[in-house]
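In case you want the letters, here they are:
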Amino acid sequence: VVTYSGRVDNRDELIARYGSPLFVFSEQSLVQRYHDLRQAFARRYAKVRIAWSYKTNYLQAICRVFHREGAWAEVVSPMEFEKALRTGVPSDHIHFNGPFKPDDAIEQAVRGDAPIHIDGFDELHRIERIAERLGKRPRVAIRVNVAVEGLPAWSRFGLNLESGQAREAARRIIAGGKLDLVGLHCHIGTFILGPVAYGIAAGKLVDLANSLKRELGLKLDFIDLGGGFASRNTLKDQYLAGDQASPSFERYADAICDELAKLDYAPQELPTLVLETGRALCDEAGYLISSVISGKRLPDGRRGLVIDAGVNLLFTAFWYKHDVLPSQATPGTQEQTVLYGPLCMNIDVLRDTV
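Predicted model, so just to flag it, every value in this text is computed and none were measured. (Residues numbered from 1 in each chain as written. Predicted model: local features only at pLDDT ≥ 70, side-chain atom pairs only at ≥ 80, totals over all residues. Heavy atoms only, no water.)

Participant: Whenever I open this one, the nonpolar core confuses me. Can you help?
Facilitator: Soluble globular proteins tend to pack their nonpolar side chains together in the buried interior. Ranked by internal contacts, the top residues of the largest apolar core, which has 85 residues, are F41, I142 and F229. Residue contributions to this core peak at 9 residues, all from helix α8 (residues 195–216). Look past the residues within four positions of F229 in its chain and what remains in contact with it is L37, F41, Y198, F249, Y252, I256, L275, T277, R279 and A280. Judged by nonpolar contacts, the second largest core, of 7 residues, contains L305, I307, L339 and L350. (Core = buried A, V, L, I, M, F, W, Y, C linked by side-chain atoms within 4.5 Å. Buried < 20%, exposed > 50% of the residue type's maximum accessible area, 1.4 Å probe, protein only. Helix = DSSP H or I, 4+ residues; strand = E, 2+ residues; numbered from the N terminus. Contact = heavy atoms within 4.5 Å.)

Participant: I keep staring at the sheet that holds strand β13 (residues 292–297) and nothing clicks. Help me out?
Facilitator: Neighbouring strands of a sheet are bound in pairs by backbone hydrogen bonds; such pairs are parallel or else antiparallel. Spatial ordering of the open sheet is given by β13-β14-β15-β16, a layout of 4 strands whose pairing is mixed. Edge positions in the open sheet fall to β13 and β16 (349–351), since each of these has one partner strand only. Direction aside, the axes of adjacent strands within the sheet are offset by 30° on average. Summarising the sheet, strand β15 (residues 337–340) and β16 pair through 2 bridges and their orientation is antiparallel. Looking at the pairing, Y340 lines up with V349 of β16. (Pairing = 2+ DSSP bridges. Axes fitted to C-alpha atoms, helices over the stretch in contact; angles between N-to-C directions.)

Participant: I'm lost on the packing of aromatic side chains in this one. Help?
Facilitator: The geometry of an aromatic ring pair comes down to the distance between the two centres and the angle between the two planes. Evaluated as defined, the whole model comprises 12 aromatic pairs. For the pair W319 and Y320, a centre-to-centre distance of 6.2 Å together with 70° between the ring planes defines the contact as edge-to-face. Since its relative accessible area comes to 1%, Y320 is described here as buried. An aromatic cluster is present here, built from F41, Y198, F229, F249 and Y252 joined pairwise through their rings. Across from the ring centre of Y265, 5.7 Å away, lies the NZ or CZ of K213, which sits over that ring. (Phe/Tyr/Trp six-rings, centres within 6.5 Å; stacked < 30°, edge-to-face > 60°. Lys NZ or Arg CZ within 6 Å of the ring centre and 35° of its normal.)

Participant: Can you walk me through a nonpolar patch on the surface in this structure?
Facilitator: Together, F315, F318, W319, M345 and I347 make up a nonpolar patch on the protein surface, roughly 510 Å² of accessible area in all. Structurally, M345 is set in the loop between β15 and β16. According to the relative accessible area criterion, M345 is partly exposed, its value standing at 46%. (Patch = residues over 30% accessible without salt bridge, like charges linked within 9 Å, V, L, I, M, F, W, Y side chains within 5 Å. Areas by Shrake-Rupley, 256 points an atom, 1.4 Å probe, with all protein chains shown as cover. Salt bridge = Lys/Arg side-chain N within 4 Å of Asp/Glu carboxyl O.)

In structure tokens:
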């Protein structure tokens, strides 16, 4: 992976140096999208933190760009936690999320004062046990799953709001006296094209935060709205192109911040808004340079091309209509073409029609 500023206009030089296929990311685009996101929310809310989603792209060059610009890390596995540390992120700037946290990973996070997002009651008990053994008082957040009309429920993650699990977990943490409950976290899905869904989710977290403050005297350090903002890529079932259909960061910010304004907190005590934005920051910055290996005529008359990059490298081809651009001008009449990868599998199709 080459992280650089500018367009992919030196592809021959890049291929000669690094080989084909090759992923290339524009540092300029990564930085611009990061600041567009931050500014959109900072205009409406005073305390904003972006935690780069390592599961989206944990290539070190990409992570370093976002950390250099001020992002924390959001990780969902012990491997990603270790990678964030090796990239230079202080452990207390790593949000440790996800449903799989072995005891040794929890111990590392507790020792490093990383905020741990609790996924369930079993995990809560294990964190307490480890914290007591280490003589530490870790910072924790509750991951909350909420019902949002029109979206499939992501109920496998976190503790449910509507059933009372999330509120019960808060009481359990406070009663236990071994953990500091500092945050609430919600992630409603991925590639969410409707900003109103974030308004609904934010409103539910705000209601929960206000009731916890009123009933238990709890003041939160942060409210985490997760990720899932749509990038400008085009989904396969979309009619409009992504650059027309995907909402701006400003629309997401308006939906979320309208609800955050209902927090019953003094201005100086407002919790930090955490965003775990991933694809919307990096999708349009990335290019895959590939070489044509062979061509053939298909039974239906279309042209088929075999290239040296398959769905094992570009698995997003299963749901995105990726833009395909020739590296050089091609004379003659254009014709419908199918792009195949090199794998000996029938599903290895990067674009069914170009």
